[in-house]
Amino acid sequence: MKSDLKILVAFLMNFLFSIAEFIGGFFTHSVAISSDALHDLGDSLSIGISYILEKISKRPANSKYTYGFIRFSVLGSLVQTAVLFSGSVIVIYSSILRIINPVEIDYTGMIVMAVFGVVINFAAMLFTHGGKSLNQKAVSLHMLEDVLGWIVVLIGAVIMKFTDISYIDPILSIGVALFSLSHAIHIFIDAMNILLMKAPDDINSDEVIEHLKEIDGVEDVHHLHIWTFDGFAHNVTVHIVTDGDLAAIKHAVRQELAEHGITHSTIEIERSDEHCDSHDCHPDTPHHDAHHHHHHHYHN
């Protein structure tokens, strides 16, 4: 089943369920269930947005979006982490209020809701499991969280039914919220690194330069820039100085880049006697004046 369709089904399951939950939370007076309803509603909305963005990310490039739309999927994971952040904060806040002012909770109703919650969310989790893109990972993370959240609510409800200690309910909520926060932060950092053009973690650019310089006929390598579209497809632009056979050199460079897992590359070839306009090409030669420096400071 296609990734965007999976996300759509997950959205529908979550959305319908969160409405049922609000009703359940209202009647059982459980903050764990009400805050979970809020969490699920936020989830389903962010999954809905992710569905749209995942769908857009599949579109081919056009004259305006010349790189294509892959990053819309990364945007989806950002939206989701933002929702998780705010959801967790609200949950923690309402739980603290509950600890200060406890209320009567209908434990049996809570157990029934929790059993439903575990079953439905577990089904949704199995369904969205195994997504590749960061966006899909964010979706399946949501699902996993919902399952764990409900298992915790279920255990808590059973314990409370036998012990009648009502503040277990808000404490559980806080636990689940902190758990989802810690995961959301990881996905957020990954997404930000991609958007901020950081080189992918699995590629060492200095090593790539060393390997390219070892190719026969390559005299120098500069202006190497590596970035990733979405964490999977990587892109490189590089200047190669050579007096050798162009086709052979280009082929060798592309092969070397492929070994580093780089599929898209743009290679500019220069002759050794040619003056490259960019100042970091030959920093040892006197021909760049001070006014040259404020142009582009690319540092490899």
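Residues numbered from 1 in each chain as written. Predicted model: local features only at pLDDT ≥ 70, side-chain atom pairs only at ≥ 80, totals over all residues. Heavy atoms only, no water.

Draft legend 1. Here's a closer look at the sheet that holds strand E1 (residues 218-228). Spatially, the three strands line up as an open sheet ordered E1-E2-E3, and their pairing is mixed. Since the sheet does not close on itself, it has two edges, and those belong to E1 and strand E3 (264-270), each with one partner. The average angle at which neighbouring strand axes cross in this sheet is 15°, direction not considered. The sheet strands contacting helix H8 (residues 246-259) are E1, strand E2 (234-242) and E3, and the helix crosses E3 at an angle near 145°. (Pairing = 2+ DSSP bridges. Helix = DSSP H or I, 4+ residues; strand = E, 2+ residues; numbered from the N terminus. Axes fitted to C-alpha atoms, helices over the stretch in contact; angles between N-to-C directions. Contact = heavy atoms within 4.5 Å.)

Draft legend 2. Geometry of the packing of aromatic side chains. Following the criterion strictly, the structure yields eight aromatic pairs and no others. Ring centres of Tyr 67 and Phe 229 lie 5.7 Å apart, and the angle between their planes is 65°; this geometry places the pair in the edge-to-face category. On the criterion of sequence distance, the pair formed by Tyr 67 in the loop between helix H2 (31-57) and helix H3 (71-100) and Phe 229 in the loop between E1 and E2 is long-range, its members being 162 residues apart. On the accessibility criterion, Tyr 67 (53% relative accessible area) is exposed. Taking 5.5 Å as the distance between ring centres and 45° as the angle between the ring planes, the aromatic pair formed by Phe 69 and Phe 72 counts as tilted. Among the residues examined, Phe 69 registers a relative accessible area of 5% and is labelled buried. Aromatic ring contacts, followed pair by pair, group Tyr 65, Phe 69 and Phe 72 into a single cluster. Over the ring of Phe 69 we find Arg 59; its NZ or CZ atom is 5.7 Å from the centre of that ring. (Phe/Tyr/Trp six-rings, centres within 6.5 Å; stacked < 30°, edge-to-face > 60°. Buried < 20%, exposed > 50% of the residue type's maximum accessible area, 1.4 Å probe, protein only. Lys NZ or Arg CZ within 6 Å of the ring centre and 35° of its normal.)

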